[in-house]
Amino acid sequence: MQTITIQKREIPLRFDMTAFEMIEARWEGYAEMLDELGAKKTRSRTLCELIAIFGNAALIAQGREPDLTHDWVASNMSPRQRGKADRAVGAAIREGMRMEEDEEDEAPQDVVLEELEAKKNGA
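Description of the structure in this document. (Residues numbered from 1 in each chain as written. Predicted model: local features only at pLDDT ≥ 70, side-chain atom pairs only at ≥ 80, totals over all residues. Heavy atoms only, no water.)

So, about helix α3 (residues 43-61). Between its terminal C-alpha atoms α3 stretches 26 Å, which fits the 27 Å expected from 19 residues at 1.5 Å a residue. Most of α3 sits out of view: 14 of its 19 residues are buried. Looking one or two residues past α3, G63 carries a phi angle of roughly 80 degrees, positive in sign. (Helix = DSSP H or I, 4+ residues; strand = E, 2+ residues; numbered from the N terminus. Expected span 1.5 Å × (residues − 1). Buried < 20%, exposed > 50% of the residue type's maximum accessible area, 1.4 Å probe, protein only.)

Written out as structure tokens, the structure reads:
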């Protein structure tokens, strides 16, 4: 799990369904959030909001009360930390997208082959 440190507070970043729902509540959807993250004028604000969202999702997953806000992140993160935070948010998104794949390590099923083998064994 990705973590960043702001004002000596270590913040784990978790992209899961809780975070996804928070993104949908803030933006119209995931694609709109990506548009703002990619736009020069809104990138810093979106980054701070995502840190708050992903940090709160991690707190919820730990059974703790979410307490991060965009304002707290923006007022306590230095411009120098922005690059590291940007990379950590991107890595958290990639990790979250792989969550299901890690749980489903099975090889793809060939339904036709299984059906042929079932007929062969049943005959």
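After that view of the structure, there is still more to cover.
For Q7, which is not a glycine, the phi torsion comes out positive at approximately 50 degrees. Mapped onto the fold, Q7 is located in the loop between β1 (2-6) and β2 (9-13). Although it is not a glycine, K8 sits at a positive phi angle of roughly 65 degrees. Relative to the helices and strands, K8 resides in the loop between β1 and β2.

This part is about the pairing of β2. Two strands pair when backbone bridges link them, and β1 and β2 are joined in this way by five bridges, in the antiparallel orientation. Residue pairing in the sheet places T3 in a bridge with P12 of β2. (Pairing = 2+ DSSP bridges.)

On to the side chain of E49, then. Summarising the element assignment, E49 is placed in helix α3. Judged by relative accessible area, E49 falls into the buried class, the value being 8%. Once residues within four sequence positions are removed from consideration, E49 is found in contact with R26, W27 and H70. (Contact = heavy atoms within 4.5 Å.)

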